[in-house]
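Take a look at the letters that make up each chain.
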Amino acid sequence: MPDRDVERSDDQGQGPVPWWADLGVWGAVALIAFGGLAAVWVSFRLPGTPEEPAAGYYGAARVVAIGLVIVGSGLLNRRRARSTAAGETTGAD
């Protein structure tokens with residue numbers, strides 16, 4: 001097939017991104033706080049909690065876990081950027 005028949009695009013097969021992909025570090029901290037608040041809400045059995053408390057704790061733990069992953073990724077990315085910048089300034093390979 002000639003190259004002129006091939007459709008080119010800049011997308012490398014990337015589909016839609018998840019809802020939490022562009023939160024950033026402060027959004028992740030807010031997710032962690034919200035997950036903690038949800039766990040406290042379930043432990044006091046306030047209105048709106050599920051019949052089975054384990055389901056409420058599971059949902060809160062998922063929100064906290066997503067927040068922790070985003071914060072950890074942000075910190076690793078910042079550390080990686082600093083080490084790359086330090087390597088360029090010292091001239092080390």
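As the structure is a computational prediction, the values presented were derived from the model and not from experiment.

Engineer: Outline the overall build of the chain, supporting the account with residue identities and numerical values.
Structural biologist: What the chain contains, in helices and strands, is two helices and zero strands. For the chain, restricting intrachain contacts to residue pairs at least 6 apart in sequence, the fraction spanning at least 24 positions comes to 62%. Total accessible area on the chain is roughly 7800 Å²; 59% of this is exposed by carbon and sulfur atoms.

Engineer: Describe unusual backbone geometry, with residues and values.
Structural biologist: The backbone phi angle of Arg45 is positive, close to 50 degrees, even though this residue is not glycine. Within the secondary structure layout, Arg45 lies in the loop between α1 (24-43) and α2 (53-90). Judged by relative accessible area, which is 55%, Arg45 ranks as exposed.

Engineer: Which residues make up a nonpolar patch on the surface, and what values do they have?
Structural biologist: The grouping of Val40, Trp41, Phe44 and Leu46 at the surface amounts to a nonpolar patch, some 400 Å² of accessible area in total. Relative to the assigned elements, Leu46 resides in the loop between α1 and α2. We classify Leu46 as partly exposed; its relative accessible area is 32%.

Conventions adopted
- Residues numbered from 1 in each chain as written.
- Predicted model: local features only at pLDDT ≥ 70, side-chain atom pairs only at ≥ 80, totals over all residues.
- Heavy atoms only, no water.
- Helix = DSSP H or I, 4+ residues; strand = E, 2+ residues; numbered from the N terminus.
- Contact = heavy atoms within 4.5 Å.
- Areas by Shrake-Rupley, 256 points an atom, 1.4 Å probe, with all protein chains shown as cover.
- Buried < 20%, exposed > 50% of the residue type's maximum accessible area, 1.4 Å probe, protein only.
- Patch = residues over 30% accessible without salt bridge, like charges linked within 9 Å, V, L, I, M, F, W, Y side chains within 5 Å.
- Salt bridge = Lys/Arg side-chain N within 4 Å of Asp/Glu carboxyl O.

Nothing here speaks to function; it is geometry throughout.
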